[in-house]
Amino acid sequence: MSTPNTSSAQESCTSPVVGGVQPSANDTNETFQSKAMVELDNIQDEGDNPYAPKKRKRTSPVWIDFKEIILSDGLIKAECIHCKHRMTYTKSGPTSHLLRHSRSCIRKRMNEKGQKNISISTTMSESESVNAVQNFRYDQAKIREIVSHMIIVHELPFVFAEYELFNLLMKNSSPHYQKISRATAKKDCITSYEIEKKKLVAELKDINRVSVTTDLWRSDQKISYMVVTCHYVDSSWNLQKRNLNFCDVPPPHTGIVVCDVLNKCLVEWGIENKVWTITVDNATYNDVAIRMLKENLSYKNNLPLGGKLFHVRCCAHILNLLVQDGLSEIQNIISNVRESVKHISASEFRLNIFSEIAKQLQLSSKKLVMDCCTRWNATYCMLSTALEFKDVFPRYQQRDPTYNTLPSEEDWEKVRVVCSFLQEFNEVTHIISGSEYPTSNLFLPELYNIKRLLNNTSMGEGSFMKDMVNKMKTKFDKYWGHCNLLISMAAVLDPRNKMKLIEWCFPEIYSEVDAIENIVTVRETLRLLYREYVDAHKNNVAEKDVSGDAQKESSSVSSIVSAKGKGKVRTAFANYIKNVDSVEQVKSELEVYFEEGVILCEEDDEFDTLSWWKMNNLKFRILSKMACDVLSIPITSVASESAFSAGGRVIDSYRANLGVDTVQMLLCAEDWLRARYQVKRKENENSGLKEIHLN
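Here the structure is a predicted model, which means the values were calculated and not measured.

Asker: What am I meant to see in the overall build of the protein chain here?
Answerer: The helix and strand inventory of the protein chain stands at 25 helices and 12 strands. Across the 695 residues that make up the protein chain, the buried fraction comes to 46%. Sequence separation of 24 or more characterises 70% of the internal contacts of the protein chain that already satisfy a separation of 6 or more. Total accessible area on the protein chain is roughly 36300 Å²; 51% of this is exposed by carbon and sulfur atoms.

Asker: How should I be thinking about the nonpolar core in this particular structure?
Answerer: Side chains that are nonpolar tend, in soluble globular proteins, to be buried together. Residues Leu 422, Phe 425 and Trp 613 are the most contacted members of the largest nonpolar core, which totals 102 residues. By residue number, the principal contributor to this core is helix α14 (residues 409–432), which donates 9 residues. Apart from residues lying up to four places away in sequence, Trp 613 is in contact with Trp 237, Leu 493, Pro 495, Tyr 593, Phe 620, Leu 623, Ser 624, Ala 627 and Leu 631. Val 212, Val 275, Met 665 and Ala 669 belong to the second-largest nonpolar core, a separate cluster that totals 64 residues.

Asker: How do you make sense of the packing of aromatic side chains when you look at a structure like this?
Answerer: Aromatic ring pairs are described here by two measures, namely the spacing of the ring centres and the angle between the planes. In this structure the tally under the stated criterion is 27 aromatic pairs. The interplanar angle of 55° and the centroid separation of 6.2 Å between the aromatic rings of Trp 376 and Tyr 380 together place this pair among those described as tilted. Remark: Tyr 380 and Trp 376 occur in helix α12 (residues 376–387); sequence separation between them is 4 residues, near one turn of the helix. Exposure class is identical for Trp 376 and Tyr 380. Each is buried. Following the ring pairs from residue to residue traces out a cluster consisting of Phe 354, Phe 389, Phe 393, Tyr 396, Tyr 403 and Trp 412. Geometry around Phe 464 places Lys 414 over its ring, the cationic atom sitting 5.3 Å from the centre.

Asker: Could you clarify how one ought to interpret the pairing of strand β2 (residues 76–80) in this entry?
Answerer: For a regular strand, side chains alternate in direction, first toward one face of the sheet and then toward the other. A large share of β2 lies buried, amounting to 4 of its 5 residues. Once strand β1 (residues 66–70) ends, the chain turns through 5 residues before running back antiparallel as β2, passing Gly 74 with a positive phi of about 90°. As paired strands, β2 and strand β3 (residues 86–88) are joined by 3 bridges and run antiparallel to one another. Residue pairing in the sheet places Lys 77 in a bridge with Thr 88 of β3. Linking β2 back to β3 in an antiparallel pair, the connection comprises 5 residues, with Lys 84 at a positive phi of about 65°.

Asker: Quick question: what am I supposed to make of the packing of helix α6 (residues 182–205) against helix α25 (residues 660–677) here?
Answerer: Packed helices, taken two at a time, are described by their axes: the angle between them and the distance between them. The N-to-C vectors of α6 and α25 enclose an angle of 60°; their axes lie 9 Å apart at closest approach. Compared by their axis directions, α6 and α25 come out oblique. The hand of the α6/α25 crossing is left-handed. Only Thr 662, Gln 664, Met 665, Cys 668, Ala 669, Trp 672, Leu 673 and Arg 676 of α25 make contact with α6, whose side of the interface consists of Lys 186, Cys 189, Ile 190, Tyr 193, Glu 196, Lys 197, Lys 199 and Leu 200.

Asker: Looking at this model, I keep getting lost on the sheet that holds strand β7 (residues 224–233). Mind explaining?
Answerer: Strand pairing in a sheet relies on backbone hydrogen bonds. The paired strands run either parallel or antiparallel. Strand order in this open sheet of 5 strands is β8-β7-β6-β9-β10, and the pairing throughout is mixed. The open sheet is flanked by β8 (239–248) and β10 (311–313), the only strands paired with a single partner. For this sheet, the mean angle separating the axes of adjacent strands, direction not counted, is 25°. Inspection of the sheet shows strand β6 (residues 210–218) paired to strand β9 (residues 275–280) by 4 bridges, in the parallel sense. Residue Thr 213 lies in a different strand from β9, and its bridge partner there is Thr 279. Those strands touched by helix α8 (residues 284–300) are β6, β9 and β10, and its axis lies near 175° from that of β9.

Asker: Explanation requested: unusual backbone geometry in the structure shown.
Answerer: Note on backbone geometry: most residues besides glycine have negative phi, and most peptide bonds are trans. Cis peptide bonds are those with omega within 30 degrees of zero, and the linkage from Pro 251 to Pro 252 qualifies with 0°. Mapped onto the fold, Pro 252 is located in the loop between β8 and α7 (255–269). At Glu 155, a position not held by glycine, the phi torsion is positive, near 55°. Along the chain, Glu 155 turns up in the loop between α4 (140–153) and α5 (164–173). Taking the relative accessible area as the measure of exposure, Glu 155 reaches 16% and is therefore buried.

Asker: Got a minute to help me understand helix α15 (residues 443–458) in this structure?
Answerer: In an α-helix, one full turn covers 3.6 residues, which means residues spaced three or four apart are oriented alike. Here α15 spans 22 Å end to end across 16 residues, near enough to the 22 Å set by a 1.5 Å rise per residue. Residues Phe 443, Leu 444, Glu 446, Leu 447, Tyr 448, Ile 450, Lys 451, Leu 454, Asn 455, Thr 457 and Ser 458 constitute the buried set of α15. On its buried side, α15 packs onto α9 (315–327), α14, α16 (463–480), α17 (485–492) and α18 (498–509).

Reading the values: the criteria
- Residues numbered from 1 in each chain as written.
- Predicted model: local features only at pLDDT ≥ 70, side-chain atom pairs only at ≥ 80, totals over all residues.
- Heavy atoms only, no water.
- Helix = DSSP H or I, 4+ residues; strand = E, 2+ residues; numbered from the N terminus.
- Buried < 20%, exposed > 50% of the residue type's maximum accessible area, 1.4 Å probe, protein only.
- Contact = heavy atoms within 4.5 Å.
- Areas by Shrake-Rupley, 256 points an atom, 1.4 Å probe, with all protein chains shown as cover.
- Core = buried A, V, L, I, M, F, W, Y, C linked by side-chain atoms within 4.5 Å.
- Phe/Tyr/Trp six-rings, centres within 6.5 Å; stacked < 30°, edge-to-face > 60°.
- Lys NZ or Arg CZ within 6 Å of the ring centre and 35° of its normal.
- Pairing = 2+ DSSP bridges.
- Axes fitted to C-alpha atoms, helices over the stretch in contact; angles between N-to-C directions.
- Parallel < 35°, antiparallel > 145°, perpendicular 65-115°, else oblique.
- Left-handed = near helix turned anticlockwise from the far one by under 90°.
- Expected span 1.5 Å × (residues − 1).

Structure below.
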């Protein structure tokens, strides 16, 4: 691995401030080099920059205005960078005579009185507002840092730093720019990863509870990767998610192997005692892995509610299984539509004919979609877009005799009915797949809608829809026929719902007897969890009191003398109220929360549940912490699955030889830096759909 040339002082330093009197071109270059060398020393005095090469420090301020030169006869001289006057100098000798010249140099005074260059610092936001104006200082180390961030965030190759036009751009931006090799770019990316990882470790130390999602993915190079994503609410009451690991999992992929890899990741990040839920799909090995991991973590510390919430099944995956069972009733029709799209997109000639027919019919739609057969929402998108071209397909068949998978009019009518029915499911999937806002509190109303839709459709006319819905109801009862504590408790902790939503939804979702029993179960489980948080709060207060006793005793004498005893008792009583009064109440915070009315919002109003708890933090000191932890639990593993789309782009055919450690570095650092710079992915980056655009 090569490193940048450290012999040039320009590589990691700052440019001089240009004065009103301009020296010659050669003088200017020498001035830049001299002042840059000294300013590098100043930067290193202030703190180590991991992107800058190391140089020996110079302590004398005289080297701001002088540089060391070696004459042709080997004699060392000190040359003033302003007037070019040369003076005797030895490395171990004094510099006071140089300092006297620096104070009286006329050229230096003229330069300092001239107009200075300024730099304008802006933010990453879309607005073009300026947030700082300062003297221009070129810093090669900072440039290397930003280039490494650009390579990581935008998934560029390391050789990007060597592109000719990129270097031309940088040279035109600043003549001090030094070319970065691909080896140096890779080293800088690793440095950025290590720096961001240290920041994330420090942030996680202050978090009380975290939730984890994980999933497996196999690359085109036949390497299986596990992504581990952490979800938590930060100190500003914002929901955060970070990809902690993107590591390879050796075969065979049994529950024991997955458990060991996952446990190693949790220990590496120091969050093994903070994890209280893990969201996974319904693979058999996940059931074994989560059960074993739950036993391991329970052995060291008590999980909340005895681990009842520890294993969270991905609701999006369950929804996919449910709809796939229903779509099996029209599998032949779906196959014909899929083959039709494949046939038309197989050649440019066929696509041109199809596009010409669409233009003649003046259709507004401009694309077809090829689905991923394992994802129902992709199939729904393919069917709904193909339905818009149902009049084009028979006209195309007249022009192409090789096309033999044309759906009939009856088939298209079934497709129309199915798409109308699945629209509700598509909206639900979109809602619960978010990772930037809490989703656990949003699913119960959607579950109510799904159950009601299934019940109403099963009583309607149409044999194929009845058979389809009956299959879906069987799968619904298998996974959601029993009370789901997580989505119920999260819904209650949304101030728009509270227990009223439970009392309204459960009679529709469950039988009358089960609904009454489940309502009692949800209320009692919330009380048990609240008591655990109360006990934890008391223990935390007790630990603080013990640790603070020595400090209080040491300062008590001086406090009594200074205040003459007037404020001592009142201060102690105030501390008691702050720590105890919120715990030992006649009514608990949970009961007060239940007794207050729900918040009514318009359907189009955006309501931030975490912001509401933040505003009411002083009123519900303990309950607000509990609400944050519950609301941060993801009910889908979509956040982890989205990393696979990025993985497929990073590990492409041109970079198939990337090592597993390099892959983890690139993908995890990309997630962290996107959060830092607030750079969001485009929606179509994670869609997994193949769009065929018409000419």
